[in-house]
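# Chains, contacts and geometry: an overview
One letter stands for each residue in the lines below.
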Amino acid sequence: MKIKYYLDKSTLFIYFIGELDECTASKTRDVIDGLIKDLNGIKKVVFNLSELSFMDSTGIGMFIGRYKKLKSLGVSVFTQNPTQSVEKILQISGLYKIMPAI
Amino acid sequence: MKNKVKLYFSSVSENEAFARNTIASFILPLNPTLSELSDVKTAVSEAVTNAIVHGYPDAVGEIEILAEIDGQDIHIEISDDGVGIDDLQKALEPFYSTKLENERSGMGFTIMKTFMDSVSVNSQKNAGTKVIMSKKINSSAR
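So, here is what we can say about the structure in this document. (Residues numbered from 1 in each chain as written. Chains lettered and ligands numbered in written order. Predicted model: local features only at pLDDT ≥ 70, side-chain atom pairs only at ≥ 80, totals over all residues. Heavy atoms only, no water.)

Another aspect to go through is the sheet that holds strand 4 (residues 76–80) of chain A. All names here are of chain A. Strand order in the open sheet made by the four strands is 1-2-3-4, with mixed pairing throughout. A single partner strand is all that each edge strand has here, and the edge strands are strand 1 (2–8) and strand 4. Direction aside, neighbouring strands of the sheet carry axes that sit 20 degrees apart on average. Of the strand pairs in this sheet, strand 2 (residues 11–20) and strand 3 (residues 44–55) are connected by nine bridges, and their pairing is parallel. Residue pairing in the sheet places Leu12 in a bridge with Val45 of strand 3. On the sheet, helix 1 (residues 22–36) packs against strand 1, strand 2 and strand 3 and is oriented at approximately 170 degrees with respect to strand 2. (Pairing = 2+ DSSP bridges. Helix = DSSP H or I, 4+ residues; strand = E, 2+ residues; numbered from the N terminus. Axes fitted to C-alpha atoms, helices over the stretch in contact; angles between N-to-C directions. Contact = heavy atoms within 4.5 Å.)

Next up, the structure:
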């Protein structure tokens, strides 16, 4: 799993490239938490999932954890361009309700 | 066509991708849609994750997958010889997890049941767990 990001004004875009499962989730979590540790002036975080080729329920837990953290900091969270298989997981898990697609 | 494959591997998370991709390759001759293929991959990944995380919480054990093709039907059995499930009824409920503090979503069995046509679970305390799943590939067309 690779993570890329860029900042556009007050929005932080985070790109997930690879597969999110039990094997990759904890390292991914640490990288994201490092990125969002210091959110000076950031109001919005967008998870771009266009290159996330696989995700299972371990990924759901990882996303819910990051969502809770960001919400407590007053940052809104969105998802963008999920692959077909990941989109299905987002719908079933209810993640779309807390991290809407933009 | 009838065909089968059996895999044994250690309960380490590095083997999750190996397991789901191997089963996906095995069912390719059935000409599944991309959606069917990812359904099976995800369901296998969930059962294997359960075996690694919950079946063998403190040690590395062995996981066995038996996959069979019968016509357009696939049957997959994923077994471990781990600690078993304390309360199976609860484990099958959405959002229930014994490890919620580790950011576990508790959605594993819900995803398996959603993505496969049938899922059943046998578990015995300190003897292990077996998940049996099946799915018809491309039942409407061809």
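Before going further, it helps to spend a moment on the side chain of A:Thr79. Residue and element names in this part refer to chain A. For Thr79, the position within the fold is in strand 4. A residue is classified by how much of its surface remains accessible, and Thr79, at 0% relative accessible area, is buried. The residues contacting Thr79, other than those within four sequence positions of it, are Phe47, Leu49, Tyr96, Met99, Pro100, Ala101 and Ile102. (Buried < 20%, exposed > 50% of the residue type's maximum accessible area, 1.4 Å probe, protein only.)

The next point concerns the packing of helix 3 (residues 84–93) of chain A against helix 4 (residues 108–115) of chain B. It is the contact of helix 3 of chain A with helix 4 of chain B, at a shortest axis distance of 11 Å, that shows an interaxial angle of 120 degrees. For the crossing formed where helix 3 of chain A meets helix 4 of chain B, the hand is right-handed. Taken together, the residues of helix 4 of chain B that come into contact with helix 3 of chain A (itself represented by A:Lys88, A:Ile89 and A:Ile92) are B:Ile111, B:Thr114 and B:Phe115. Of the residues belonging to the contact of helix 3 of chain A with helix 4 of chain B, the class tally is four nonpolar, one polar and one charged. (Left-handed = near helix turned anticlockwise from the far one by under 90°. Nonpolar A, V, L, I, M, F, W, Y, C, P; charged D, E, K, R; others polar.)

Now for the pairing of strand 1 of chain A. It is a general feature of regular strands that their side chains alternate between the two faces of the sheet. Residues and elements named next belong to chain A. With respect to burial, strand 1 is a largely exposed element, only zero of its seven residues being buried. Here strand 1 runs beside strand 2; their pairing, made up of seven bridges, is antiparallel. Counted as the bridge partner of Lys4 is Tyr15 from strand 2. Between strand 1 and strand 2, which follow one another and run antiparallel, lie two residues, and Lys9 among them has a positive phi close to 55 degrees.

Here we take up helix 1 of chain A. Over its 15 residues, helix 1 of chain A runs 22 Å from end to end, which matches the ideal 21 Å to within 8%, given 1.5 Å per residue. Those residues of helix 1 of chain A lying buried are A:Glu22, A:Thr24, A:Ala25, A:Thr28, A:Ile32, A:Asp33, A:Leu35 and A:Ile36. Buried-residue contacts for helix 1 of chain A involve strand 1, strand 2, strand 3 and helix 2 (57–72) of chain A together with helix 1 (15–27) and helix 2 (34–55) of chain B. A distance of 2.9 Å separates the backbone nitrogen of A:Cys23 from a side-chain oxygen at the start of helix 1 of chain A, and that oxygen is part of A:Asp21. (Expected span 1.5 Å × (residues − 1). Polar contact = N/O pair within 3.5 Å; in protein donor to acceptor, adjacent residues only side chain to side chain.)

What follows deals with the nonpolar core. Ranked by internal contacts, the top residues of the largest apolar core, which has 32 residues, are B:Val44, B:Val48, B:Ile65, B:Ile74, B:Ile76, B:Ile78 and B:Met133. Among the elements of the structure, strand 1 (2–10), helix 1, helix 2, strand 2 (62–70), strand 3 (73–80), helix 4 and strand 5 (128–136) of chain B are those that each provide at least two residues to this core. Considering every element that reaches this core, the biggest residue donor is helix 2 of chain B, with eight residues. Once you skip the residues sitting within four places of it in the chain, B:Met133 turns out to touch B:Ala43, B:Val44, B:Ile74, B:His75, B:Ile76, B:Ile78, B:Met112, B:Met116, B:Ser118 and B:Val119. One finds A:Ile14, A:Phe16, A:Leu70 and A:Leu95 within the second-largest nonpolar core, a separate group that totals 31 residues. (Core = buried A, V, L, I, M, F, W, Y, C linked by side-chain atoms within 4.5 Å.)

Attention now moves to the environment of A:Glu87. Residues and elements named next belong to chain A. Looking at the element boundaries, Glu87 is found in helix 3. Residue class for Glu87 comes out partly exposed when judged on its relative accessible area of 31%. Residues Glu87 and Met55 lie 32 residues apart in sequence; the distance between their C-alpha atoms is 9.5 Å. For Glu87, the contacting residues outside a window of four places in its chain are Pro82 and Tyr96. Looking at Glu87, its side chain comes within polar contact range of the side chain of Tyr96, at 3.3 Å.

As a further point, take unusual backbone geometry. The phi angle at A:Lys9 is positive, at roughly 55 degrees, despite the residue not being glycine. Along the chain, A:Lys9 turns up in the loop between strand 1 and strand 2. The exposure class assigned to A:Lys9 is exposed, which follows from its relative accessible area of 78%. Here B:Phe95, not a glycine, exhibits a phi torsion of approximately 70 degrees, which is positive. Mapped onto the elements, B:Phe95 comes out in the loop between helix 3 (88–91) and helix 4.

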